[in-house]
Amino acid sequence: MEDLIHFSCLIFSSSWPDHFIHLFGNLVSVPSGGTTPCHYGEEVWQDGSSLRTTIRAENEVEANKLANNYRFGFRKWKSHVTERPIEDRSDIVRELYSELNFVRPQGSLITCGNIAYLILFGWWISLAYLLVCVLMFLTIIGVPYGKLCWKLSCYFLWPFGKSILKVTAMTVVDYALVLCRVSTYVWLLLGYPLLGLIHSLACFLSWILVFTIPVAKMNARTLAIILLMPPEDVHIHRLKKVDDQVLLCCYHAFNWYYYKYTLDGINVFAVNLLPLVIATLMVGYVDTENQFVSSEAKFAAAVSSIIPLSYYIGMGIASISAQSNTLSMTFYITALLRGHKAGTKCYEEIVKAALTGTLLGCILFIPGISMIIGGFKHREQRFNSRSAGVSSALLFISVGGVFAPTLFSKAYGSLVCAGCSSSQANTSGPFTCLLRCSYLLDGLFSRPLVYTISVLLPSAYLIGLIFTLKTHSHIYDIQVSDVHDHHQGGHGTVHWSRLRALSVLIMATLLMAACADLTTEHIKPILDHSSISQYFIGVTVLAMVPEIPEIFNGIQFALQNNISLSLEVGNCIAVQVCMIQIPLLILFNTFYDVGFVLLFSDLHLWASIFSVIVVNYIFMDGKSDYFQGTALVVVYLILLALYFFAPSPHAC
């Protein structure tokens, strides 16, 4: 496109201070000797002192979204929130959205995907047409449609290299019209419903597989258009340059790029997983006695349903430019409520494990896997170490604040053990304890400390926002040029309006709460009968499943040589967990006492502190490669191994 929005992040620039301009100011000019502007996500170091990131967006809305990606505290979102004109997109993307009704130069038709179509779909669709063909011939009056079914039977066995054309008959006599009208009734009563079931099934299966969406389009177009036409108007030919109207032509049944396919801005995987959410809620709240579906299956379905809901919440937040990340709060609160009702501390320990697992995953795994995959494509990636330092400093503050009561209890608490006995007669001898020991601290003595921390942590977060967005915004210094867009007048057509985005956000949050309730309801059998430590379940499944969309966001940013955003994806979530979610849990516990105590196990304490130290050491030089990413992932896996072999919490 000729007219694009350019906005640049000039970071650490000591040589070009006069080039800083305000948001929506004029485009920053590159000094002589500088590099030419690069595409979205590319970062170029100039003169060894400044990092210039040039980003291109189609319209002002996308510019605002991308600018928010670079601001601390805002959710990092990769997907577009506005519609992009199809004519301005690549040939690969245009092919994804084609209606399969045009003839183009063809390549080889003998491909693995086309052969897979023959095995998975072609033979039984062709057989169905053959059976309906026999049925139409038996009715005698439906012979025209029987001939059509024979032609379509041959077509759907191997549709590649053929086209279905609409050719209007030149002469038609009156009795033929009457015959056609009567045969149409027979067709609509006998043939069309049967083929409708066949095409609907094929359409559903191929759509669920995503990469075979061309097969779904082919079946849908046949059902909606071709089978409702007069049979004499439908002709099948080999693909060639024709003057007649092309109704259907397909070259390939399989396309890897369909992972990019969207419907109204929603990724196709999120669309396909939405029925899972509905089915999970229906089965979970109808089959309360677990007569038809086991509790373990309901737990797995409820946890899996969180993935698409996280995507919808992220899309809603990105569309209305909000800034919060409280997805997991619903699970934490419902788990604490259920544990309080059951009179057990096991749920509280699971919540703490999930909180710690989110920290570890966001600090180590998301940056690590992004560095690895991005490093395979880009030899070395650089990022703004000063802006990353803001998040790192807040990480130190937040982790120190969250675990301060735990350290306080170890310093001033009483070591209490259960099941202890002495092998000697005197009580001064050594004791053998069957159960683990823990430090207990008087609640009245520790609560003021917890309340103080729950106030200081959000305050530190607010100060971080003011620092990065107001007083020291030059750390990011995002500039956006004047908008010139021929297609949308510079603003673009958003996929979701603010009202719709807010409605989707509220609905997805409510569904998330329902899935969280089912998760906590059906996790009990998993905890009781699992041979794996409950710590491991909390730090893996419950912690990282809601963050799967964020993991993909980080990987996509890294592949576009925008490792800065990949690192900020995890850091932002980790900081918000400590500085927003945990204080909110404390506030909730203040008004409705569910027994939540901000005391973590030793494993949580040292794993989190060690992770923060490691990631800050990696981030010091402002460079990343696949080796550093491997180091972070290996540390994460080592910590997971510790949790896997650790004994379960004594409360469980």
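Note that this is a predicted model, so its numbers are computed, not measured.

Considerations on the pairing of strand 4 (residues 162-166)
Next, step 1: The buried fraction of strand 4 amounts to four of the five residues, a majority that puts the element mostly inside the structure.
Next, step 2: Pairing between strand 4 and strand 5 (residues 234-238): five bridges, direction antiparallel. Its bridge partner being in strand 5, isoleucine 164 is matched across the sheet by isoleucine 236.
Next, step 3: As paired elements, strand 4 and strand 6 (residues 245-249) share four bridges and run antiparallel to each other. Residue pairing across strands places isoleucine 164 opposite leucine 248, the latter belonging to strand 6.

Remarks on helix 4 (residues 143-157)
Next, step 1: An ideal rise of 1.5 Å per residue puts 21 Å on 15 residues; helix 4 measures up with 21 Å between its terminal C-alpha atoms.
Next, step 2: Of all the residues in helix 4, the buried ones are Tyr145, Gly146, Leu148, Cys149, Leu152, Ser153, Tyr155 and Phe156.

Re the packing of helix 7 (residues 268-286) against helix 14 (residues 498-529)
Next, step 1: At a minimum axis distance of 10 Å, the contact between helix 7 and helix 14 shows a crossing angle of 50°. Taken together, helix 7 and helix 14 sit at an angle that is classed as oblique. Like other packed secondary-structure pairs, helix 7 and helix 14 cross with a definite hand, here left-handed. Here Val277, Thr280, Leu281, Gly284 and Tyr285 of helix 7 come into contact with helix 14, specifically with Leu511, Ala514, Cys515, Asp517 and Leu518.
Next, step 2: Residue composition of the contact of helix 7 with helix 14, by class: seven nonpolar, two polar and one charged.

Considerations on a nonpolar patch on the surface
Next, step 1: A cluster of nonpolar side chains, Ile110, Ile115, Leu118, Ile119, Leu120, Trp123, Leu127, Leu130, Leu131, Trp150, Leu157 and Leu209, forms an exposed patch at the surface whose accessible area comes to about 1200 Å².
Next, step 2: If one sorts the elements of the nonpolar patch by residue count, helix 3 (residues 112-138) sits on top with eight residues.
Next, step 3: Looking at where tryptophan 150 falls in the secondary structure, it is placed in helix 4.

Conventions used here
- Residues numbered from 1 in each chain as written.
- Predicted model: local features only at pLDDT ≥ 70, side-chain atom pairs only at ≥ 80, totals over all residues.
- Heavy atoms only, no water.
- Buried < 20%, exposed > 50% of the residue type's maximum accessible area, 1.4 Å probe, protein only.
- Helix = DSSP H or I, 4+ residues; strand = E, 2+ residues; numbered from the N terminus.
- Pairing = 2+ DSSP bridges.
- Expected span 1.5 Å × (residues − 1).
- Axes fitted to C-alpha atoms, helices over the stretch in contact; angles between N-to-C directions.
- Parallel < 35°, antiparallel > 145°, perpendicular 65-115°, else oblique.
- Left-handed = near helix turned anticlockwise from the far one by under 90°.
- Contact = heavy atoms within 4.5 Å.
- Nonpolar A, V, L, I, M, F, W, Y, C, P; charged D, E, K, R; others polar.
- Patch = residues over 30% accessible without salt bridge, like charges linked within 9 Å, V, L, I, M, F, W, Y side chains within 5 Å.
- Areas by Shrake-Rupley, 256 points an atom, 1.4 Å probe, with all protein chains shown as cover.
- Salt bridge = Lys/Arg side-chain N within 4 Å of Asp/Glu carboxyl O.

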